[in-house]
Amino acid sequence: MSTSMPSTEIAQAAAALRQLPRRQFLRAATAAAAAATAAVSLGPTLAFAAQTTASLPALKFMNADEAAVMQRLLEVMLPTAGTPLLPLTQVPVLQTLDAALLATMAPHILAGLKGGIGYFNEGPQATFGKRFVDLSDEQAIRFCDSWANAPEEPKRALSMGLKKLLALSYFANPPTWAPLGYPGPFTRRSGIPSLGNAPLPKA
């Protein structure tokens, strides 16, 4: 993958990611997180093995290389060690991302996203001479910060979009809510049935 400016497809995918409606995607991810979790037989803690490319979970919409990039970005953007947050090893983030979010994307957006992941992975070559998955934590943080503040719109949008997908996929899993003091949706706790996209009441 070239480190030059991304193709039109990647730029379109980056723009689409930046404009993702957070509430809509969080709702979709939450609904599918249980299914994604159930599909993985990792025992009661849902713990992954050591996170190498070979040990990452088998996914439908991401290949092993793409999953490795997203896993590395997750480790850099959401370090849970020493915090009340649920450890990444106990949350099926990549499965939720794959089954709940990527599965809902239009084919051309998904294709652009996959190209964008590869483009992001090759991005540090110019500065560090290494791919993103091979950077140290310090280097990876510096690279992410540089893209988040880059003058080029596609870089900023892609960086923000990838982080957004991972954040949604992590917090879509209900066990991650307790450390935040969030008891879950009020309607669910109160037994209020969902009306879907019901029209607003008229005066």
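In this text, all values refer to a predicted model and were calculated from it rather than measured experimentally.

**Student:** Could you clarify how one ought to interpret the overall build of the protein chain in this entry?
**Tutor:** Scanning the protein chain from N- to C-terminus turns up 9 helices and 0 strands. Reading the protein chain from its N terminus to its C terminus gives the helix and strand order α-α-α-α-α-α-α-α-α. Here the protein chain holds 203 residues, and 42% of them are scored as buried. Approximately 10,800 Å² of the protein chain is accessible, and the part contributed by carbon and sulfur atoms is 59%.

**Student:** Explain the packing of helix α5 (residues 107-122) against helix α8 (residues 153-171) to me, please; I cannot follow it from the model alone.
**Tutor:** In a packed pair of helices, the relevant descriptors are the angle between the two axes and the axis-to-axis distance. Two elements in contact, α5 and α8, have axes separated by 11 Å at closest approach and are oriented at 105°. Put simply, α5 runs roughly perpendicular to α8. Side by side, α5 and α8 meet where Leu113, Gly116, Ile117, Tyr119 and Phe120 of the first sit next to Lys155, Leu158, Leu162 and Leu165 of the second. Of the residues assigned to the contact of α5 with α8, the class counts are 7 nonpolar, 1 polar and 1 charged.

**Student:** Sorry if this is basic, but what is going on with the layout of surface pockets here?
**Tutor:** Where empty space is left in the structure can be found by rolling a water-sized probe over the atoms. The space that makes up the second largest pocket amounts to roughly 160 Å³. Surrounding the second largest pocket, 11 residues form its lining, Gly123, Ala126, Thr127, Phe143 and Trp147 being those nearest its centre. For the lining of the second largest pocket, the secondary structure elements donating two or more residues are α6 (125-128) and α7 (137-148). Considering every element that reaches the lining of the second largest pocket, the biggest residue donor is α7, with 4 residues. Its residues assigned to classes, the lining of the second largest pocket comprises 5 nonpolar, 4 polar and 2 charged.

**Student:** Where do I start with the nonpolar core in this structure?
**Tutor:** Nonpolar side chains tend toward joint burial in soluble globular proteins. Core analysis: the biggest nonpolar cluster contains 43 residues, and Phe120, Phe132 and Leu162 have the highest contact counts within it. Of all the secondary-structure elements, those providing two or more residues to this core are α1 (8-18), α3 (64-77), α4 (93-101), α5, α7 and α8. When neighbours within four sequence positions are excluded, Phe120 is seen to be in contact with Val69, Leu73, Phe132, Phe143, Cys144, Trp147, Leu158 and Leu162.

**Student:** How should the packing of α3 against α4 be read in this particular structure?
**Tutor:** Between α3 and α4, the shortest axis-to-axis distance is 10 Å and the interhelical angle comes to 125°. Looking at the two axes, α3 sits oblique to α4. Like other packed secondary-structure pairs, α3 and α4 cross with a definite hand, here right-handed. Contacts from Ala67, Met70, Gln71 and Leu74 of α3 reach α4 at Val93, Leu94 and Leu97. A class-by-class count of the residues in the contact of α3 with α4 yields 6 nonpolar, 1 polar and no charged.

**Student:** Help me understand the environment of Val69, please; the structure alone is not making it clear to me.
**Tutor:** Within the secondary structure, Val69 sits in helix α3. In this structure the C-alpha to C-alpha distance between Val69 and Asn121, which are 52 residues apart in sequence, comes to 6.5 Å. If we skip the residues at most four places from it in the chain, Val69 touches Ile117, Phe120, Asn121, Phe132 and Val133.

**Student:** Would you mind going over the packing of aromatic side chains with me for this structure?
**Tutor:** Any two aromatic rings considered together are summarised by their centre-to-centre distance and by the angle between their planes. Taken as a whole and assessed by the stated rule, the structure comprises 8 aromatic pairs. On the basis of an interplanar angle of 90° and a centroid distance of 5.4 Å, the ring pair of Phe120 and Trp147 is categorised as edge-to-face. Placement of the pair is Phe120 in helix α5 and Trp147 in helix α7, with a sequence separation of 27 residues. In this pair, the class of Phe120 matches that of Trp147, namely buried. Considering the side-chain rings of Phe132 and Phe143, the 5.9 Å spacing of their centres and the 50° angle between planes classify their relative orientation as tilted. With Phe132 in the loop between α6 and α7 and Phe143 in helix α7, this residue pair connects regions lying 11 residues apart in the sequence. Residues Phe132 and Phe143 agree in their burial class; the two are buried. In textbook terms, an aromatic cluster arises when at least three aromatic residues are bridged by ring pairs, as seen for Tyr119, Phe120, Phe132, Phe143 and Trp147.

Rules and cut-offs
Residues numbered from 1 in each chain as written. Predicted model: local features only at pLDDT ≥ 70, side-chain atom pairs only at ≥ 80, totals over all residues. Heavy atoms only, no water. Helix = DSSP H or I, 4+ residues; strand = E, 2+ residues; numbered from the N terminus. Buried < 20%, exposed > 50% of the residue type's maximum accessible area, 1.4 Å probe, protein only. Areas by Shrake-Rupley, 256 points an atom, 1.4 Å probe, with all protein chains shown as cover. Axes fitted to C-alpha atoms, helices over the stretch in contact; angles between N-to-C directions. Parallel < 35°, antiparallel > 145°, perpendicular 65-115°, else oblique. Contact = heavy atoms within 4.5 Å. Nonpolar A, V, L, I, M, F, W, Y, C, P; charged D, E, K, R; others polar. 1 Å grid on protein atoms, 1.4 Å probe; cavity = no way out; pocket = protein on both sides within 12 Å on 5 of 7 lines; lining within 4 Å. Points joined across faces, edges and corners; volume = space filled by probe spheres on them. Core = buried A, V, L, I, M, F, W, Y, C linked by side-chain atoms within 4.5 Å. Left-handed = near helix turned anticlockwise from the far one by under 90°. Phe/Tyr/Trp six-rings, centres within 6.5 Å; stacked < 30°, edge-to-face > 60°.

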